[in-house]
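Structural overview for review
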Amino acid sequence: MKVLVTGASGFLGGRLCHALLRRGHSVRAFVRRTSDLSSLPTLSDGVPLELALGDVTDYPSLLAACSGCNVVFHAAAIVESWLPDLSKFISVNVGGLKNVLRAYKETDTIEKIIYTSSFFALGSTDGYTADETQMHSAKFFCSEYEKSKAVADKIALEAAKEGVPIVAVCPGIIYGPGKITAGNVVARLMVERFNGRMPGYIGDGKESFSFTYVEDVVNGHILALDKGQPGQRYLLTGENASFTQVFDIVATITNTKRPSLKIPLFVMVVYAWLLVLFSRITGQPPLISPPAVCVMRHQWAYSCEKAKRELGYKPRSLKEGLEEILPWLKKLGLIKY
Ligand SMILES: NC(=O)c1ccc[n+]([C@@H]2O[C@H](COP(=O)([O-])OP(=O)(O)OC[C@H]3O[C@@H](n4cnc5c(N)ncnc54)[C@H](OP(=O)(O)O)[C@@H]3O)[C@@H](O)[C@H]2O)c1
């Protein structure tokens, strides 16, 4: 089977390409001219991996990449909480999906599209745990990223109603070994924490996120290819926990001291604005931005029972996942304990 992976140079996409190759698929990795390809397997004789250069906002390049493919995993997106040019979130995250759908109609080989949506597409869950039946209210968005994923998710579901064989998978916060991009937020926080740049717990401990290990998300994507029903969404989430719990589990695993103070959210907002000012000068996206602090004020807890039941998805616990990522970061010399 010939498989196109968009976002192949990213944290998730790179791991997905490795897994698809291990399963014997031929993989065409859709990457930009500027992409850092270190997350991808080395191109060598006998490895059924090829590169297709392009941009999801450049329709002809995407159409050419789709040609002859049976499956498209559409994982490309701008994954940041803030950017100086906010319009990019819609043009890439929504425009990119629209181009994939258009290419499907003009290519006669594509049998299935697996679209990487997000828990953000369902919206926050203050005080309860949501499942796939929740639609985003669209009344308020913490970030343009959240808005773009909610809009794109609705477009995917509408396309399925019109007969496009598209399955949406919605990961929680993805973490684990792999490229340390803005999307690998847990790895980035660990690097900050163990290098003394994060003196306390972030958040008030009331927030909730669904933490999902990267290899489980990769497996969930492949299970969605094998068993996912077009028009359905599957939450590929994991354990629901606060960042306070994450930091406590990390302290236990590494036998280090727990943080002794809590950084209140109002302090984080001020810090986030300063980082945004700094990033306007440097051009580098900030580690924490005001929209990210807004996200921290809410709960994002989900149930992945449907994916377990219908796909055979088996997420590991947060402790098991952290037990993998911490030694990996240590081995890379990024943290010490
Ligand atoms: N990380 C999470 O916690 C999380 C949670 C839920 C859902 N998701 C979803 O999972 C997917 C992958 O996220 P990730 O964490 O792996 O993000 P990532 O590491 O930032 O990877 C994003 C990928 O998209 C590519 N991309 C961005 N703009 C593009 C464009 N205009 N044309 C072509 N490719 C473009 C990037 O290419 P370059 O390498 O050239 O930049 C990169 O390969 C995204 O759809 C994201 O919304 C992520």
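Residues numbered from 1 in each chain as written. Predicted model: local features only at pLDDT ≥ 70, side-chain atom pairs only at ≥ 80, totals over all residues.

1. Re the sheet that holds strand 2 (residues 26-31)
- One open sheet accounts for 7 strands, arranged 3-2-1-4-5-6-10; its pairing is parallel. The open sheet is flanked by strand 3 (49-53) and strand 10 (233-236), the only strands paired with a single partner. Across the sheet, the mean angle separating the axes of adjacent strands is 20° when strand polarity is ignored.
- In the sheet, strand 5 (residues 112-116) pairs with strand 6 (residues 166-171) via 4 bridges, with the strands oriented parallel. Each bridged residue has a counterpart across the sheet, and for Tyr115 the counterpart in strand 6 is Ala168.
- Across the sheet, helix 2 (residues 59-66) touches strand 1 (2-6), strand 2, strand 3 and strand 4 (71-74), and the angle it forms with strand 3 is around 160°. (Pairing = 2+ DSSP bridges. Helix = DSSP H or I, 4+ residues; strand = E, 2+ residues; numbered from the N terminus. Axes fitted to C-alpha atoms, helices over the stretch in contact; angles between N-to-C directions. Contact = placed C-beta atoms within 7 Å.)

2. Focus: the site of the ligand
- Taken together, 30 residues lie around the ligand, and Gly10, Ser35, Ala77, Thr181 and Gly183 are the ones closest in.
- Every element with two or more residues in the shell around the ligand is listed here: helix 1 (11-22) and strand 7 (173-175).
- Element by element, the count of residues in the shell around the ligand is highest for helix 1, at 3 residues.
- Classifying every residue of the shell around the ligand gives 13 nonpolar, 12 polar and 5 charged. (Near = placed C-beta within 6 Å. Nonpolar A, V, L, I, M, F, W, Y, C, P; charged D, E, K, R; others polar.)

3. Comments concerning helix 5 (residues 185-194)
- Among all positions of helix 5, only Val185, Val186, Ala187, Leu189, Met190 and Arg193 are buried.
- Among the residues trailing helix 5, Gly196 stands out with phi positive, at a value near 75°. (Buried ≥ 20, exposed ≤ 12 C-beta atoms within 10 Å, placed from the backbone.)

4. Some details on the sheet that holds strand 9 (residues 209-213)
- An order of 7-9-11 is seen for the 3 strands of this open sheet, with the pairing classed as mixed. The open sheet has two free edges, formed respectively by strand 7 and strand 11 (239-241), since each of these has just one partner strand. With direction set aside, neighbouring strand axes in the sheet form an average angle of 40°.
- Two strands pair when backbone bridges link them, and strand 9 and strand 11 are joined in this way by 3 bridges, in the antiparallel orientation.

5. Overview of the environment of Arg102
- Tracing the chain through its elements places Arg102 in helix 3 (residues 87-106).
- Sequence spacing of Arg102 and Leu62 is 40 residues, and the spatial spacing of their C-alpha atoms is 9.7 Å.

6. Some words on helix 2
- Looking only at helix 2, the buried set comprises Leu62, Ala65 and Cys66. Within helix 2, the buried residues cover an arc of 100° as seen down the axis, which keeps them to one side.
- Gly68, located one to two residues past helix 2, shows a positive phi value of around 85°. (Arc of directions from axis to C-beta.)

7. Overview of unusual backbone geometry
- Here Ala138, not a glycine, exhibits a phi torsion of approximately 60°, which is positive.
- Structurally, Ala138 is set in the loop between strand 5 and helix 4 (144-161).
- Unlike most non-glycine residues, Asn255 shows phi in positive territory, near 55°.
- Mapped onto the secondary structure, Asn255 falls in the loop between helix 7 (243-254) and strand 12 (262-263).

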